[in-house]
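So the chains spell out like this:
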Amino acid sequence: MAQFVATIRVRPKAEVRDPQGESVAGALRALGFEVADVRTGKEIVVRFSASDEGAARDAARTMGDQLLANPVIEDYEVSLGGPAGTPAR
Amino acid sequence: MTVAILLYPGTWSERDFAHAFSLLGIEHEIVWHADADLRRFDAAVIPGGFSYGDHLRAGAIAKLSPATRELQRAAAEGMPILGSCNGFQILCEAGLLPGALVRNTHLEFRCDWVRMRVESEDTPFTAGLGGEILRMPIAHGEGNWVADPETLARVESAGQVVVRYVDERGAATPEANPNGSTANIAGIRNEAGNVLGLMPHPERCVEDLLGGTDGRKMLAGLGATESARLLRI
């Protein structure tokens, strides 16, 4: 088994309102920036082991589908790093 | 009739439900989620709270409990299931109800009283209450129900909107909506009608001391279900 690092970025779907993003946009405007809009999300970094890169990518997608994102309201993307020490792809 | 009141780590309203059912003379038992065997119960309640600290998303981790499989089986067999507040969020995360609950549009945690109109009598909890305006407390930061346009249209046309936030005159205005929920939706049911999720807390308005008694009308429905069953026998 090799070590991998998956970075899963979860964000609200384009058609779902993001009140947190709207609030941040207002705060950035208060700082003087001409901000059109802001979308917030979260980044989840998972260190785990898998037999090879394909299995690691499959596992990361399964994590996203089953728990890390709610497909009703969120999209997510995975970038995979590793085996440990090699750059993210 | 014995009602299972599911307890997850972080649930905070299970004793309120137990108290409410005691007042109504309905047998009940608080059941730890991981041990939940619903076969010996006639109905189930998922109370409010912050299961697993609301980490990741409200209800996201609770849906992985063994209780979810039990709830899915019991729901398919027609068991009355009520989820309030975090219980509603768990039912949506577990796929037992459509849509999802996201952050209130104003970003505030709202602890208040709301009015809602009963728009579907096709649940064990609202039979005979059609058109009534109920007054109940809310306490949540993520009660804004959302769904894609197709799901919303289906839920509306199938009469699955059970309660909708309204003002004292019965109008579903933006001012009467405490969290920005789509179409002022406060609670929905599944297609069969035995599963109801809503953000307000019926268990917290069951005696005058608490400021209202409308919760009794909804929870007493479980006793009525039992009566109907006995009459059929």
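Residues numbered from 1 in each chain as written. Chains lettered and ligands numbered in written order. Predicted model: local features only at pLDDT ≥ 70, side-chain atom pairs only at ≥ 80, totals over all residues.

*Asks:* In this structure, what is going on with the overall build of chain A? I would like to understand it.
*Replies:* Counting its regular elements, chain A contains two helices and three strands. In chain A, the order of α-helices and β-strands from amino to carboxyl end is β-α-β-α-β. The C-alpha radius of gyration computed for chain A amounts to 16 Å, which surpasses the reference 12 Å derived for 89 residues by more than 25%, pointing to a less compact arrangement than a globule. Projecting the C-alpha coordinates of chain A onto the three principal axes gives extents of approximately 50 × 30 × 15 Å. Here chain A holds 89 residues, and the buried ones make up 17% of them. By sequence separation, contacts in chain A at least 24 residues apart represent 65% of the contacts at least 6 residues apart. (Helix = DSSP H or I, 4+ residues; strand = E, 2+ residues; numbered from the N terminus. Rg over C-alpha atoms; globule rule 2.2 N^0.38 Å. Buried ≥ 20, exposed ≤ 12 C-beta atoms within 10 Å, placed from the backbone. Contact = placed C-beta atoms within 7 Å.)

*Asks:* In this structure, what is going on with the sheet that holds strand β7 (residues 133-140) of chain B? I would like to understand it.
*Replies:* Within a beta sheet, neighbouring strands are joined by backbone hydrogen bonds and run either parallel or antiparallel to one another. Residue and element names in this part refer to chain B. Read from one edge of the open sheet, nine strands run β2-β1-β3-β4-β11-β10-β9-β6-β7, paired in mixed fashion. The sheet is open, and its two edges are formed by β2 (27-32) and β7, each paired on a single side. Between one strand axis and the next, the sheet turns by 25° as a mean value, whatever way the strands run. With three bridges joining them, strand β10 (residues 185-189) and strand β11 (residues 195-198) adopt antiparallel strand pairing. (Pairing = 2+ DSSP bridges. Axes fitted to C-alpha atoms, helices over the stretch in contact; angles between N-to-C directions.)

*Asks:* Got a minute to help me understand the pairing of β10 of chain B in this structure?
*Replies:* Remark: a regular strand shows side chains that alternate across the two faces of the sheet. Residue and element names in this part refer to chain B. Within β10, five of the five residues are buried, which leaves the element mostly enclosed by the surrounding structure. Where strand β9 (residues 161-166) meets β10, three bridges bridge the pair, whose relative direction is antiparallel. Paired with Val161 across the strands is Ile188, a residue of β10. In this structure, the hairpin formed by β10 and β11 is closed by a connection of five residues, where Gly193 is found at a positive phi of approximately 95°.

*Asks:* Whenever I open this one, the interface of chain B and chain A confuses me. Can you help?
*Replies:* Interface size is commonly expressed as the accessible surface area that is lost when the partners come together. Contact residues are listed per partner, giving 12 residues for chain B and nine residues for chain A. Looking at side-chain class alone, the side of chain B that touches chain A contains seven nonpolar, two polar and three charged residues. (Nonpolar A, V, L, I, M, F, W, Y, C, P; charged D, E, K, R; others polar.)

*Asks:* I keep staring at the nonpolar core and nothing clicks. Help me out?
*Replies:* The nonpolar side chains of a soluble globular protein tend to be buried, and buried together. Counting 72 residues, the largest nonpolar core has Val3, Ala4, Leu6, Ala44 and Leu91 of chain B as its most contacted members. When sequence neighbours within four positions are dropped, the list of residues in contact with Val3 of chain B reads Phe21, Ile26, Glu27, His28, Phe41, Asp42, Ala43, Ala44, Val45 and Leu222 of chain B. Ala6, Ile8, Ala50 and Ala60 of chain A belong to the second largest nonpolar core, which has nine residues in total. (Core = buried A, V, L, I, M, F, W, Y, C linked by C-beta atoms within 7 Å.)

*Asks:* Any chance you could explain unusual backbone geometry here in plain terms?
*Replies:* Most peptide bonds adopt trans geometry, and most residues besides glycine take a negative phi value. All names here are of chain B. One non-glycine residue, Cys85, lies in the positive phi region at around 60°. Its location among the elements puts Cys85 in the loop between β4 (81-84) and α3 (86-93). Its identity as a non-glycine residue notwithstanding, Leu107 has a phi of 70°, on the positive side. Among the secondary structure elements, Leu107 is positioned in the loop between β5 (100-102) and β6 (110-118).

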